[in-house]
Amino acid sequence: MDVDFAIKKMSRRIALLSIASTAGLIMVGCSNTAEGVTGTTPVAASNPAATPNPGSTPSPTPVPVAQPGTTLLTYKGHTSSVVAAGWSPDSKLIASTEQNGVVHVWEAATGKLKFVCKNPLVGNIGLSWSPDGSRIASEEFLNGVETVQIWAAENGRGLALNINSDTVEKVAWSPSSKYVALCIGSYQALMPTSRVEVRSAGGDSYKLTYKGHQPNVRDVAWSPDGSRIVSCSDDQTVQIWQAPV
């Protein structure tokens, strides 16, 4: 091959590459599967920021938030005065009770009634959900006798804890949902008495009776780890004591 011819040919290749580079074209191999043709096609460099990621999930559309104080739902299933209401721990259900002892459990999102517990009671003091959401405790009054009803939140089946003729000031669930602590006062005798009873939530069995206060015990609460109980009374003291295991 003539040396001058080879040099001219090489110079021509360099010139062509220089022109292609100046034009901003890059030769890459790609497959045009839509047309069934495979070949070498010039494509322009793309902007990565403008190219969607096929594996990414689109962000959900934000749900409008109601203005504070906006009424979201009104439940009208009761037939007499409603004296207590409480949320389930998962915020899905509400239990509400009438003064005649009828307890309604219904869906917070829709107002749909789940079940009704009817009892021939003259009054209903209050109610509270167990921390695990499986049961509801309601304080009820009939013919001078107070009882604490433990309801299954799933179907309304109940178990009555007999409190005799005493008065229940407060019901507090243990963090484990195994026990309830009851502030109980007796006003039948000339000298009133007051105590805290810890009972099994699954039966009418006593676990502990605490008598460290003078009348009247007003409130009781469990420590978050369930190991201790604090109670307060008209005797101007707040007492911490060991909870049952």
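Structure first, text after, so check above.
Below is a short write-up of the structure. (Residues numbered from 1 in each chain as written. Predicted model: local features only at pLDDT ≥ 70, side-chain atom pairs only at ≥ 80, totals over all residues. Heavy atoms only, no water.)

**Some thoughts on the sheet that holds strand 17 (residues 238-242)**
Pairing in this open sheet of three strands is antiparallel, and the strands run 15-16-17 from one edge to the other. Each edge of the open sheet carries a strand with a single partner, namely strand 15 (217-222) and strand 17. The sheet shows a mean angle of 20 degrees between the axes of neighbouring strands, direction not considered. Both strand 15 and strand 16 (residues 228-233) contribute to a ladder of five bridges, which runs antiparallel. In the strand pairing of strand 16, Ala221 is matched with Val230. (Pairing = 2+ DSSP bridges. Helix = DSSP H or I, 4+ residues; strand = E, 2+ residues; numbered from the N terminus. Axes fitted to C-alpha atoms, helices over the stretch in contact; angles between N-to-C directions.)

**Notes on the nonpolar core**
Among the nonpolar cores identified, the biggest contains 13 residues, and Ala181, Val196, Val198, Val220, Trp222, Ile229 and Trp241 are the most heavily contacted of them. When residues of this core are traced back to their parent elements, those giving at least two are strand 12 (179-186), strand 13 (193-200) and strand 15. The residues touching Trp222, leaving out its near neighbours within four places in the chain, are Ala172, Trp173, Ser174, Pro175, Tyr179, Ala181, Val198, Arg228, Ile229, Ala243 and Pro244. Listed in part, the twelve residues of the second largest apolar core include Leu93, Val105, Phe115 and Leu127. (Core = buried A, V, L, I, M, F, W, Y, C linked by side-chain atoms within 4.5 Å. Buried < 20%, exposed > 50% of the residue type's maximum accessible area, 1.4 Å probe, protein only. Contact = heavy atoms within 4.5 Å.)

**Things to note about the sheet that holds strand 4 (residues 93-98)**
Spatially, the four strands line up as an open sheet ordered 3-4-5-6, and their pairing is antiparallel. Looking at strand neighbours, the two that pair on one side only are strand 3 (82-87) and strand 6 (113-117), the edges of this open sheet. Averaged over neighbouring strand pairs, the angle between their axes works out to 15 degrees when direction is ignored. Two elements, strand 4 and strand 5 (residues 103-107), share five bridges in a ladder whose sense is antiparallel. Each residue of the ladder has a partner; that of Thr97, found in strand 5, is Val103.

**So, the pairing of strand 5**
Where a strand is regular, its side chains alternate between the two sheet faces. In terms of residue burial, strand 5 counts as a mostly covered element, since four of its five residues are buried. Pairing of strand 5 with strand 6 involves four bridges; the strand directions are antiparallel. By the bridge assignment, Val103 is partnered in strand 6 with Cys117. The loop that links strand 5 with its antiparallel partner strand 6 comprises five residues; one of these, Gly111, has a positive phi angle of about 80 degrees.

**A look at the side chain of Ser194**
Positionally, Ser194 belongs in strand 13. Judged by relative accessible area, Ser194 falls into the buried class, the value being 7%. Within polar-contact distance, the side chain of Ser194 engages the backbone nitrogen of Val217 at 2.8 Å. Residues in contact with Ser194, not counting those within four places in the same chain, are Ile184, Gly185, His213, Gln214, Pro215, Asn216 and Val217. (Polar contact = N/O pair within 3.5 Å; in protein donor to acceptor, adjacent residues only side chain to side chain.)

**Looking at the pattern of salt bridges**
Scanning the model with the defined rule gives five salt bridges in all. With a shortest N-O distance of 3.7 Å, Arg218 and Glu169 are connected by a salt bridge. Here the residue Arg218 occupies a position in strand 15, and Glu169 occupies one in strand 11 (residues 167-173), the gap between them amounting to 49 residues. Note on Arg218: relative accessible area 41%, which makes it partly exposed. Measuring nitrogen to oxygen at the nearest pair gives 2.9 Å for the salt bridge that ties Asp234 to Arg218. One end of the pair, Asp234, is in the loop between strand 16 and strand 17; the other, Arg218, is in strand 15, and 16 residues separate them in sequence. One salt-bridge network, held together by shared partners, links Glu169, Arg218 and Asp234. (Salt bridge = Lys/Arg side-chain N within 4 Å of Asp/Glu carboxyl O.)

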